[in-house]
Structures are given as C-alpha cells and as structure tokens.
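Spelled out from the first residue to the last, the chains are:
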There are 2 protein chains.
Amino acid sequence: MTTEAALAIDLGGTELRAALVDREGKILAFAAVPTQAQAGPDVVIGQIEALAATVHAEAPALSVVGVGVGAPGPLDPLAGIAVGPPTLTGWLDVPLADILERRLGLPVRLENDANAAALGEWRFGAGHGARSLVFVTVSTGIGGGVVVDGRILHGRRGLAAEIGHMTITNEGERCVCGVIGCFEAIASGTALGRRATAATAAGDGSALRRLSADAEVTGRHVVEAARLRDDLASALLDEEARWLGVGFTNLLHLYSPDVLVVGGGIANGLDLMAPTIEATIRQRAMRAYRDVPVVPAQLGRHAGLVGAASLVLFDDEGTLAARMPVGPSTYPDTPLSKIGTV
Amino acid sequence: MTTEAALAIDLGGTELRAALVDREGKILAFAAVPTQAQAGPDVVIGQIEALAATVHAEAPALSVVGVGVGAPGPLDPLAGIAVGPPTLTGWLDVPLADILERRLGLPVRLENDANAAALGEWRFGAGHGARSLVFVTVSTGIGGGVVVDGRILHGRRGLAAEIGHMTITNEGERCVCGVIGCFEAIASGTALGRRATAATAAGDGSALRRLSADAEVTGRHVVEAARLRDDLASALLDEEARWLGVGFTNLLHLYSPDVLVVGGGIANGLDLMAPTIEATIRQRAMRAYRDVPVVPAQLGRHAGLVGAASLVLFDDEGTLAARMPVGPSTYPDTPLSKIGTV
C-alpha cells in the first residue's frame, strides 16, 4: 500500500523548509534553503516549488494528498491569504493557497506559523492526548497558538492568540507595537537579553560578558550562564521566570487549557525557570487552574512543519474549517515551471 | 402545531428565575422567587421544581423539550455538576443536571451563568450574526463568556474565560483573589465606586455624595452624576473607561471576536465611556483589531435565561458538546414532589 503523506512548507523570514510528513508525524523527506525574503513573492513561490520537487524526488513512492503551509502572520487562514508578513518584503494580500493549488495541483491549507506549531505539538508532541492546549513560543518575541477540541482557535480573520501583545503590567520598556506592558516587551528573550546587557558592561569580566564576547548579552547567554550557576544570570532568569508566570497565569484563566506548552529559544532554560514559574502560578492563579502542567515543546523546530502537514492529513477530522471559497485570483500568475509530479 | 420551548432556569445567589423560551428567543412564561441561598441544595432544588411547575401552568400548551440551567461557577458543564458556587451555601459537587433530569423527566444542560449570557447575546442579542463573540459583564466583579463558531469556549473543566482575573497592571487595590492588578480589581463597578468614595467625603456637598445620601458611592452613582455633567464623576468615569479599554484590548488580541458585547450594571454608562474606551483601543490594539465593535448587551437580565434555553433548543447544532455520561449519582434523592407535567 502506498503511504499517504502531506507536503509541509515552513515559510520563515530567514529559512524556507519543506518536508514530506506521514500520518504518524514522521518526517520522510526534508530540504531547506535560505529564504530570498527581499526578492518578493514571485521568487519565493518559485523557491517553494523547487523545494517541493526536491523533497518529492527524495521519496517518490509516497502518495502526496495535499500541502500545508505555515507562514508568518498576519494571514487569513480561511481565505488562504498572506496579508502582510513583516519579514517578507513585498508581500501584501498574496493569495498563497490559491497560487500554490494551481502550481502544485494539490489542495493547499495556509496557517499562521505559531498556530501550525501549536497544532503539531497537540497532535504529535507535548500536548498529545490533551483536549485543549496553549502553545507559547518565547524567543525574539512572544507568539502562540491555541488548540481547543482539536481545532485551532481562529477568531475573526484568524487573528486570535496574539499572546505577545497582552498587557500584563504598566512598567518596563515600550513594546515594538508602541505600548507599555506587553507580555512580549517584558518577557521575551529580547527583553531578558536587554536586562542582562544593562546589568553588565563590556570588559567587566562577568560571566555574561565573557559568554557574549563583550558584545550585547542575549537571552541564550543568560540561560547558559545560569546553567553554570552564575549568580547574576540566575537572578535575571528568576525575574524572567516570574514574568512568564504572570503571563502564563493569564493564559490559564483565559483559555483553560489541559496543558501549556513552551517553545522557542528561551524554552532551553525552562528546567531552570520551572520552580519560579510554578510558584508564580500557584501564587496568582485561582485554585482550579493551579495544577495545569507547563511543559517544554517536544518537536523543536519541526513543530510547525508537522503541524502544517496535519492541516491536510487530518482535515476530515475538523482540524481546520474548510477554506471559504475565494473568487478568481487577480494575482499575476507568472510562468514559473510547473513541477507536476508532486 | 405545538410550539417547542425550553424551560430555562437562572439560578442566582439572590434571585431564582424560570422561563419558557421558544426558538426565537421569546419568553412565553416567566416567574421568579428569592433564592433560599442559605438553605442548602435540597431546598433550592425544590424551589426550582416549584418554579418549573409555575411557568408550565402559565403556558400549558407548549411542548417543553428540555431544561437549560445557568448557575454561578465554578461548575462543570460537561458533567453537569455545580462544583462550589460561593453564593450558594452548602453546594459542593452537586450533580444538578442529573438530579433535575430525574425530577423533571427531561434532558438538562448546565452552564456557567456568564457563558449562558454570552450564548444568549450571540444567538438573540447584540452578537446576532457574528461568528464569534466576547461577552463581558461589568458589575460587582467582572465576568465573561466567549462564543466561537457557535460554541461556548469551555476549555478544561469549563473554566475558560475567567476574564476578571486577567492581570492587566501592577497597581491598584488587591483583588479578592489576593493578587494585584486583576482586571476586576481595577475596572469593576466596585472598583469605580471605591475610587469615587475615596475622592469624596460624607457631607462634602458633592454631587456623588448627594446621590449616595452621604453613604458609600457606587459605580451607578458615578454614572448617574456623570450623566448630569458633574466634573468629578466624569473624570472618574473616564479613568474607568481607560481601564476597560486596556482589558478589552487584551480580549481582542487573545480571542479576536467579531464583536465585544458589554453587559452588567456599568454597561448603563457605556455611551458615556465609549469615546475613551475606543480611544484606548485605538491607541493600544494592533491595527487589525481596532475596528471590532464594542456594543452594549441587548437582552439585559434575560440574557442568561434565553442563553440557557438555547443550550437545549439548539443542541443539535453543536452549541454544547454532549454531556459526558456520568455514573449513578450518589447525591441523596430527597422525596420532593414530582411535577410530571413539565
């Protein structure tokens, strides 16, 4: 019997990745190239087609049933339109799902990358078996996705779960969005790195500055130094854990998930932060929410790929509402080579 | 043809109300009694049975298809259990849906009162026609419910949308839950009244103290005085509106509803607060969320009743997941008179 698989695309601002993924979430073929993010949508769509051909050539016996694409928001998952991803130059209201359907001859589902990762962790990773899950990714910014009863929580225009811009305090640095007190502004890896940089000085001989070669200290350096039991790094990570605990408590109250899954670069330090995160939740959450597990993501950088694949592999189970029919695209259909075989 | 209706029960801490509601959301019979909240569940369940008989006698020709009950949380809507409502003495893990099914001989659905009101406003009120809705009730505390694609967002144990205990700042009075910065602690009608009381003094001749007869000033007094263009009241209401705007912006980012519906006592002043609420949202929300309408609830105190009715009238449309089967109840089945006819 031919194995069914989905072609999964993870369209990142720096890396474009493709995989063939089966119904067990196994990656059977994989390829990646640097995204030509400055070159506009035509070029990037050409890259996607080429990458699709590459992974298909790796595993030609598979029966590919559809294409799941994870891409940076904002995007409209129902209409399949990339609304205006800030990390991709020249993308404005690109009907990516329609274009790829025509080029690849397969049904295509488009999803926000954080939502795709949430779905991947729910179906195959740290949230397996849960009815509902909140996925939070803590790295440069803070993003997330929510799965309820096997469905991504979309809301209007697919914009639900903009976790990073939840106001949790009235202090700290102004967020990139212009507001004081965003979860992202105070608890992202960037915020942690900024506090660590401010607490040290080039040439001060601190563990943090040694690790950063006297340049700016990043969140990763703080985790690394805390693991070596550096006191300053441990205190900074403790403050970070407290802020994460404040934000996570809100997410428990608002979504009441069965499990809260933490990914992103800062999740590398989750074991060190766990005691303070848990103490903060115990202190701030109402009783009924205190025993919800907060666990590290299991699928790493592949969460988005397997989540995107599951959009098409399990669509019959209601993972994603059917895309709303859209009219004929007015997007110019540039004559890129068809690959036909996928 | 016999008109189909549901028996709706709104089990409040002070008032117990019952109605027969048809599929258009019309209330065809209504009765209410003061809840014997101190007398324990047996007595209150007897009150429910008696009230059911009363409304049925008012409209005996209706075909009653089931019973929808709205009750204070925490409760488990899937199991149909009132977990421990703080306003009802002696209620602990009462399998209310099972008990009422046996006593009334009809299928029973139990729902959190704020969720029931959200569902009522979504199906018959201010949220009619929306795919998703956030309902916020601002009065003594702040509560809410979220409807997504026609379903109440339940989460684990039905505990989602605990909106009042979302942390939005790090200032203000400590919340009843013990935390600083809860939405409820800073933006409820109680918080507004407290600020108004602190800003005035008995006998100072202020409009607020005249309205309160020199006793504590309430949120309602502030709305009343602001409507009479009292400067202090207007300034207090403006501060209230700003805090509501901060919390509402979070709800837009987190749930991305098509509409945000505001009920509760303070909603009486929503017209006066609207400019500042909207300005705060424009200032703090990301662009894609700024045009979501914030509107007053339309169903008033009947929102919970018609929402509870719609739990059974529209259950086939997936309003509520089927209750999980529960084992034989161990709750003592006191020999209260059966009413049979309903």
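Residues numbered from 1 in each chain as written. Chains lettered and ligands numbered in written order. Predicted model: local features only at pLDDT ≥ 70, side-chain atom pairs only at ≥ 80, totals over all residues. Heavy atoms only, no water.

Chemist: Can you walk me through the overall build of chain A in this structure?
Modeler: Summing up its helical and strand segments, chain A has 10 helices and 12 strands in all. Taken along the three principal axes of its C-alpha coordinates, chain A extends 60 × 45 × 40 Å. Considering chain A as a whole, with its 342 residues, one finds that 59% of them fall into the buried category. Partitioning the intrachain contacts of chain A with sequence separation of at least 6 by distance along the chain shows that 65% fall at a separation of at least 24. For chain A, the exposed area adds up to about 13200 Å²; of that, 54% sits on carbon and sulfur atoms. When the 27 positive and 37 negative side-chain charges of chain A are each reduced to one mean point, those points stand 3 Å apart. (Helix = DSSP H or I, 4+ residues; strand = E, 2+ residues; numbered from the N terminus. Buried < 20%, exposed > 50% of the residue type's maximum accessible area, 1.4 Å probe, protein only. Contact = heavy atoms within 4.5 Å. Areas by Shrake-Rupley, 256 points an atom, 1.4 Å probe, with all protein chains shown as cover. Lys, Arg positive; Asp, Glu negative; His and termini not counted. Charge placed at Lys NZ, Arg CZ, Asp CG, Glu CD.)

Chemist: I tried to follow the pairing of strand β11 (residues 259-263) of chain A on my own but got confused; where do I start?
Modeler: Both faces of the sheet carry side chains from a regular strand, because those side chains alternate between them. All names here are of chain A. With five of its five residues buried, β11 lies for the most part within the structure. In β11, alternate side chains face the same way, and those of Val259, Val261 and Gly263 on one face and Leu260 and Val262 on the other are all buried. As paired strands, β11 and strand β12 (residues 294-296) are joined by three bridges and run parallel to one another. Along β12, the bridge assignment pairs Val261 with Val295. (Pairing = 2+ DSSP bridges.)

Chemist: Explanation requested: the sheet that holds strand β4 (residues 63-71) of chain A in the structure shown.
Modeler: What holds strands together in a sheet is hydrogen bonding between their backbones, with the strands either parallel or antiparallel. All names here are of chain A. Strand order in the open sheet formed by five strands is β3-β2-β1-β4-β7, with mixed pairing between adjacent strands. Sheet topology places β3 (27-34) and β7 (108-112) at the edges, where each strand pairs with a single neighbour. Looking at each pair of strands side by side, their axes are set apart by 20° on average, direction ignored. Note: β4 against β7, five bridges, orientation parallel. Bridge assignment links Val67 to a residue of β7, and that residue is Val108. On the sheet, helix α1 (residues 41-58) packs against β1 (4-11), β2 (15-22), β3 and β4 and is oriented at approximately 145° with respect to β3. Along the sheet face, helix α2 (residues 96-104) touches β1, β4 and β7 and points at about 145° away from the line of β7. (Axes fitted to C-alpha atoms, helices over the stretch in contact; angles between N-to-C directions.)

Chemist: Just checking my understanding: could you explain helix α1 (residues 41-58) of chain B for this structure?
Modeler: Residues that lie three or four places apart on an α-helix share one face, since the helix turns once every 3.6 residues. Over its 18 residues, α1 of chain B extends 26 Å from the first C-alpha to the last, a length consistent with the 26 Å expected when each residue adds 1.5 Å. Taken together, the buried residues of α1 of chain B touch β1 (4-11), β2 (15-22), β3 (27-34), β4 (63-71) and α2 (96-104) of chain B. (Expected span 1.5 Å × (residues − 1).)

Chemist: I tried to follow the packing of aromatic side chains on my own but got confused; where do I start?
Modeler: One pair of aromatic rings is described through two measures. These are the centre distance and the angle between the planes. Within this structure, the stated rule accounts for five aromatic pairs over all chains. On the basis of an interplanar angle of 85° and a centroid distance of 6.3 Å, the ring pair of Phe183 of chain B and Phe248 of chain B is categorised as edge-to-face. Here Phe183 of chain B is found in helix α4 (residues 183-187), whereas its partner Phe248 of chain B is found in helix α8 (residues 231-255), with 65 residues between them in sequence. In this arrangement the basic side chain of Arg123 of chain A is found over the ring face of Phe314 of chain A, its NZ or CZ atom lying 3.7 Å from the centre. In this structure, Arg242 of chain A packs its charged tip against the face of Trp243 of chain A, placed 4.9 Å from the ring centre. (Phe/Tyr/Trp six-rings, centres within 6.5 Å; stacked < 30°, edge-to-face > 60°. Lys NZ or Arg CZ within 6 Å of the ring centre and 35° of its normal.)

Chemist: Teacher, can you tell me more about the relation of the copies chain A and chain B here?
Modeler: The operation linking the two copies of the chain is a rotation about an axis combined with a translation along the axis. Mapping chain A onto chain B leaves a residual RMSD of 0.0 Å; the transformation is a rotation of 180° accompanied by 0.0 Å of translation along its axis. This pairing of chains is accounted for by a two-fold axis. When C-alpha distances to the rotation axis are compared across chain A, the minimum falls at Thr169 of chain A, with a value of 1.9 Å. Residue by residue, 100% of the interface of chain A is reproduced at the interface of chain B, so both copies engage with the same surface. (Least-squares fit on C-alpha atoms with pLDDT ≥ 70 in both.)

Chemist: Explain the interface of chain A and chain B here, please?
Modeler: By a widespread convention, an interface's size corresponds to the accessible area lost as its parts come together. Every contact between the two is made by 41 residues of chain A and, on the other side, 41 residues of chain B. When chain A packs against chain B, close to 3300 Å² is buried across both sides, 51% of that on carbon and sulfur atoms. When residues of chain A are sorted by the area they lose upon contact with chain B, Arg156, Leu254 and Arg284 of chain A head the list and together hold 21% of the total. Taken together, the links from chain A to chain B amount to two salt bridges. The partner of Asp291 of chain A in a salt bridge is Arg156 of chain B, and the shortest N-O contact between them spans 2.7 Å. For the pair chain A and chain B, the number of links is 29 residue pairs in polar contact (both at pLDDT 80 or more). Going through the elements one at a time, α8 (231-255) and α9 (270-284) of chain A are the ones with two or more residues in the side of chain A that touches chain B. (Buried area = accessible area lost by both parts, 1.4 Å probe. Salt bridge = Lys/Arg side-chain N within 4 Å of Asp/Glu carboxyl O. Polar contact = N/O pair within 3.5 Å; in protein donor to acceptor, adjacent residues only side chain to side chain.)

Chemist: What should I look at first to understand the sheet that holds strand β10 (residues 151-152) of chain B in this one?
Modeler: Residues and elements named next belong to chain B. Spatially, five strands are ordered β10-β9-β8-β11-β12 in an open sheet, and the strand pairing comes out mixed. In this open sheet, the two edge strands, each paired with only one partner strand, are β10 and β12 (294-296). The strands touched by helix α3 (residues 113-124) within the sheet are β8 (132-138), β9 (142-148), β10 and β11 (259-263), with β9 carrying the most contacts at an inclination of about 50°.

Chemist: I would appreciate a short explanation of the pattern of salt bridges in the present structure.
Modeler: All chains considered together, the criterion is met by 16 salt bridges over all chains. Residue Arg227 of chain B pairs with Asp271 of chain B through a salt bridge whose shortest N-O separation is 2.9 Å. A residue pair is termed long-range when its members are at least 10 positions apart, and Arg227 of chain B in helix α7 (residues 219-227) and Asp271 of chain B in helix α9 (residues 270-284) qualify at 44 residues. Each of Asp10, Glu15, Arg17 and Arg301 of chain A takes part in one network of salt bridges that share partners.

Chemist: What should I look at first to understand the environment of Arg103 of chain B in this one?
Modeler: Residue and element names in this part refer to chain B. Here Arg103 lies in helix α2. Owing to a relative accessible area of 4%, Arg103 belongs among the buried residues under this scheme. Sequence separation between Arg103 and Glu49 is 54 residues, and the spatial gap between their C-alpha atoms is 7.7 Å. Within the local environment of Arg103, its side chain forms a polar contact with the side chain of Glu49, the two groups lying 3.3 Å apart.

Chemist: What should I look at first to understand the domain arrangement of chain A in this one?
Modeler: All names here are of chain A. Domain boundaries assigned for chain A yield domain 1 (4-112) and domain 2 (126-298). Distance from the C-alpha centre of domain 1 to the C-alpha centre of domain 2: 29 Å. Between domain 1 and domain 2, roughly 380 Å² of surface is buried when both sides are summed, and carbon and sulfur atoms account for 56% of that area. Taken together, the links from domain 1 to domain 2 amount to zero salt bridges. Where domain 1 meets domain 2, there are one residue pair in polar contact (both at pLDDT 80 or more). (Domains from an automatic or database assignment.)

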